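Chain by chain, the residues run as shown.
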Amino acid sequence: MTRIRAGILAGLICLLAVFFVSDLSFGPLHLSFSRIATAVFGSVPDQVHMAIWQIRLPGACLAILTGFALGLSGSEMQTILNNPLASPFTLGVSAAAAFGASLALILGWHLPGISSAAAVPANAFVFAVGSALLLNVVSRSREGEGVVLFGIALVFTFQACVALLQFVASEDTLQDLVFWTMGSVTRATWPRVICLGLACLITGILSFRAAPALTMLRLGDDRAAGLGIDARRVRFGALLRVSVLASLAVAFSGTIGFVGLVAPHISRHLFGEDHRWYLPGGALAGALIMSAASVTAKNTVPGQVLPVGIVTALAGVPFFIAVVLRRRGDRGE
Amino acid sequence: MPTRMLTDSVASGQEGLTIGPVTVRRGRKVVLDEVRCGPLRPGEVAGLLGPNGSGKSTLLRMVAGLLPAAGRAELDGLDLSGLSAARRGVFCAYMPQAPLPQLMLGVGEMLEAAARVAGVPAARVADLLGRLGLENFARRPVGALSGGQRQLVALALALIREPRILLLDEPLSALDLRHQLRVMEIVARETRMRGMVTIIVLHDLTMALRHTDHVVLLKGGRVFGEGVPEDVITRDSLSALWGVCARVTTDGVIVDGLADMPAGEESD
Ligand SMILES: Nc1ncnc2c1ncn2[C@@H]1O[C@H](COP(=O)(O)OP(=O)(O)OP(=O)(O)O)[C@@H](O)[C@H]1O
Ligand SMILES: [Mg+2]
């Protein structure tokens, strides 16, 4: 069992490497593998070298890290809210983060004591935490469907708020903002990549440590409590991690839908629900989807790079419908 | 009427588990009304019996620490109600009435995760599976087990720790006859061996009569009687609680049919 799963995991990592390299080679200028290798490892600072180091590498890394963050946070959310439709995107955590970020981008509003450089991610985080805590409260008082409905309400509310900000925004910021709300990894920079990378590493370790408790949470709160698990604390920790990951992903890559919803389902299918496998699997599946989407975004319209969020949304909608229909089917039995 | 009455059980500082007073309200309805019982002695299996809706599960959840404001429970004079969830989990193992959800999670890996959470060695999992006759299910997902098999797995989950108090809410309801007897045997053996206080909710009166050391009867959220099974499970209590005409013999309870129940007592 363990060996099969380790094999699947290794296979996914290889696949990810393939997408990563393709992501580097595609773009306005198609580069061969050897050309990339010489540009990365060689020391000749020519134009290709610059393009790789300044644009393509950070872009490809940001795609993978964003996917990792969304996949992991979606996996944790589906567990703690006990709902297969939960994800930062579907339940409004991403939308809330986007609103927070827009506040900084358009109005220049930021929290006291936060430098304006960190204002976008900081604002995104504050709103993401707020919405996550609201979801937590609602999930405690109402079962299943109630959380999803509340989450959808959050999505619409914050989208309307972002639209309102766009309406009052100046011409220049508007273009920036529209591009960003579509979700894109083309404006990646190394500081962003490093910041998100560190966040992924730390939350990844923390959630892996919480994995046994999260597995027990799947058995229901009463049973988990019978084993000495403080379900509230486990949930709260998970929500904090989700908020960190979702807000950073939104702050750096914009709102990217469906990755956080789809990845957990893939992982559950491949690895089952032992969270020591399911959580890494979800993160990896998310990274894989994003990397693939990034490659697709560069190859759909000749000479243009689509915002990657459009690709994930278009690919994700059929999947979303399939999940909903399958849930109906389960209940009809 | 039952023998050992409430009066001698309230004093604290006794050996065993003393419960009460416990009061639980759900909206306007009083689900448990100043319930007191015990002391339930270490090494003894106590049966908790009563009609549907009489408050058995609620009482068990309270002892498990899931209803923090409901009342007191003392183990050897130590008040359990002030303990944190984690500390309470060390004292009490609790098997809820609801069946295990059908997950894509191997029986073995589920128990291993539980062992990790509980801080007990992973070797205990194999041992437990062996004792419950579940060796062949270790690799099967919980979602692919029958109802009775899942109930056995849920019992294994409750036994993963070596608790002082074992709370089992209808662990036999989905089991075949052989497994019912086997589980009762295992529970009795573990209880004696470890000196646990075990409370088991049952609906089978013969089982309670022959395999428990102590019985608590609940009716409408109040303790109807408590004591040695033979003294408490009687013709009168059967007709008063369940509205059946029955004979209680040394071999077990033989139910002859329904008796008339006073109007309005049918439910709850
Ligand atoms: N969440 C709840 N909200 C409102 N009332 C509840 C709730 N849970 C239980 N009750 C009520 O509390 C009473 C006792 O319920 P409890 O589950 O303890 O009964 P029980 O003795 O375990 O019954 P059963 O034999 O059917 O399992 C019932 O009347 C029930 O309707
Ligand atoms: Mg019950």
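Residues numbered from 1 in each chain as written. Chains lettered and ligands numbered in written order. Predicted model: local features only at pLDDT ≥ 70, side-chain atom pairs only at ≥ 80, totals over all residues. Heavy atoms only, no water.

Enquirer: Can you walk me through the overall build of chain B in this structure?
Expert: On a plain count of helices and strands, chain B comes out with nine helices and twelve strands. Taken over C-alpha atoms, the radius of gyration comes to 18 Å for chain B, in line with the 18 Å a tight globule of 268 residues would show. When its C-alpha atoms are laid out on the principal axes, chain B stretches across 50 × 40 × 35 Å. With 268 residues in all, chain B has 52% of them scored as buried. A fraction of 66% describes how many contacts in chain B between residues 6 or more apart in sequence connect residues 24 or more apart. Only carbon and sulfur atoms are counted for the fraction: they give 51% of the accessible area of chain B, which is about 11800 Å². Taken together, the 30 basic and 30 acidic charged side chains of chain B have centroids lying 6 Å from each other. (Helix = DSSP H or I, 4+ residues; strand = E, 2+ residues; numbered from the N terminus. Rg over C-alpha atoms; globule rule 2.2 N^0.38 Å. Buried < 20%, exposed > 50% of the residue type's maximum accessible area, 1.4 Å probe, protein only. Contact = heavy atoms within 4.5 Å. Areas by Shrake-Rupley, 256 points an atom, 1.4 Å probe, with all protein chains shown as cover. Lys, Arg positive; Asp, Glu negative; His and termini not counted. Charge placed at Lys NZ, Arg CZ, Asp CG, Glu CD.)

Enquirer: How should I be thinking about the environment of B:Val216 in this particular structure?
Expert: Residues and elements named next belong to chain B. One can find Val216 in strand S9 (residues 214–219). Residue classification places Val216 among the buried positions, given a relative accessible area of 4%. Between the alpha carbons of Val216 and Val228 there is a distance of 8.9 Å; along the sequence they are twelve residues apart.

Enquirer: Looking at this structure, how should I read the site of ligand 1?
Expert: All names here are of chain B. Not every one of the 15 residues close to ligand 1 is listed here, only the nearest: Gly53, Gly55, Lys56, Ser57 and Thr58. One of the side-chain N or O atoms of Asn52 is found 3.0 Å from an oxygen atom in ligand 1. Within the contact set of ligand 1, an oxygen atom lies 2.8 Å away from a backbone nitrogen or oxygen of Gly53. In isolation ligand 1 has 640 Å² of accessible area, and contact with the protein removes 65% of it. Ranked by residue count, the leading element in the shell around ligand 1 is helix H1 (residues 56–63), at three residues. A breakdown of the residues in the shell around ligand 1 according to their chemical character gives two nonpolar, eight polar and five charged. (Near = heavy atom within 4 Å. Polar contact = N/O pair within 3.5 Å; in protein donor to acceptor, adjacent residues only side chain to side chain. Nonpolar A, V, L, I, M, F, W, Y, C, P; charged D, E, K, R; others polar.)

Enquirer: Help me understand the coordination of the magnesium ion (ligand 2), please; the structure alone is not making it clear to me.
Expert: In an ideal octahedron of six donors the angles at the metal are 90 or 180 degrees, and in an ideal tetrahedron of four donors they are 109.5 degrees. Residues and elements named next belong to chain B. Protein coordination at the magnesium ion (ligand 2): the donors are Ser57 (OG) and Gln97 (OE1), at 1.9 to 2.1 Å from the metal. Pair noted here: Ser57 is in helix H1 and Gln97 is in the loop between strand S6 (92–95) and helix H3 (107–118), with a separation of 40 residues, a long-range link. You can call Gln97 partly exposed: its relative accessible area is 39%. (Donors = N, O, S within 2.8 Å, 3.2 Å for Na, K, Ca; no water.)

Enquirer: How do you make sense of the pairing of strand S10 (residues 222–227) of chain B when you look at a structure like this?
Expert: Every regular strand shows the same layout, with side chains that alternate between the two sheet faces. Residues and elements named next belong to chain B. Sheet topology note: the S9/S10 ladder contains five bridges and is antiparallel. By the bridge assignment for S10, Leu218 is matched with Val223. Connecting the antiparallel pair S9 and S10 is a turn made up of two residues, with Gly220 showing a positive phi of about 55°. (Pairing = 2+ DSSP bridges.)

Enquirer: Even after reading the chapter, I still don't get the sheet that holds strand S4 (residues 71–75) of chain B, so can you show me in this structure?
Expert: Sheets are built from strands that pair by backbone hydrogen bonding, the pairs being arranged parallel or antiparallel. Residues and elements named next belong to chain B. If you walk across this open sheet you meet the four strands as S2-S1-S4-S5, and the pairing is antiparallel. Looking along the sheet, the strands with just one partner apiece sit at the ends: strand S2 (29–40) and strand S5 (78–79). Alignment of strand S1 (residues 17–26) against S4, held across four bridges, turns out to be antiparallel. Pairing of Ile19 across the sheet is with Ala73, part of S4.

Enquirer: Explanation requested: helix H5 (residues 147–158) of chain B in the structure shown.
Expert: An α-helix turns once per 3.6 residues; consequently, residues spaced three or four apart project the same way. Between its first and last C-alpha atoms H5(B) spans 17 Å; for twelve residues at 1.5 Å apiece the expected length is 16 Å, and the two agree. A large share of H5(B) lies buried, amounting to ten of its twelve residues. Among the residues of H5(B), B:Gly148, B:Arg150, B:Gln151, B:Leu152, B:Val153, B:Ala154, B:Leu155, B:Ala156, B:Leu157 and B:Ala158 are the ones counted as buried. For H5(B), the elements touching its buried residues are helix H10 (221–226) of chain A together with S6, H3, helix H4 (123–131), strand S7 (165–169) and helix H6 (177–194) of chain B. (Expected span 1.5 Å × (residues − 1).)

Enquirer: Explain the sheet that holds S7(B) here, please?
Expert: Residues and elements named next belong to chain B. A sheet is described by the order of its strands in space; here six strands give the open sequence S6-S7-S8-S3-S9-S10, paired in mixed fashion. Strands with a single pairing partner mark the edges of an open sheet, and in this sheet they are S6 and S10. Recorded for the sheet is a direction-independent mean angle of 15° between the axes of neighbouring strands. With respect to the sheet, H5 is in contact with S6 and S7, its orientation differing from that of S6 by roughly 170°. (Axes fitted to C-alpha atoms, helices over the stretch in contact; angles between N-to-C directions.)

Enquirer: Just to check I follow, could you spell out H3(B) for this structure?
Expert: With twelve residues, H3(B) should reach 16 Å at 1.5 Å per residue; the first-to-last C-alpha distance of 16 Å fits that figure. Counting buried positions over the twelve residues of H3(B) gives nine, a clear majority of the element. When we look at burial in H3(B), the residues that qualify are B:Val107, B:Gly108, B:Glu109, B:Met110, B:Leu111, B:Ala113, B:Ala114, B:Ala115 and B:Ala118. Elements that come into contact with the buried residues of H3(B) comprise helix H1 (2–25) and helix H9 (211–217) of chain A together with H4 and H5 of chain B. In the stretch just after H3(B), B:Gly119 is the one whose phi turns positive, near 70°.

Purely spatial values, then, with no claim about function.
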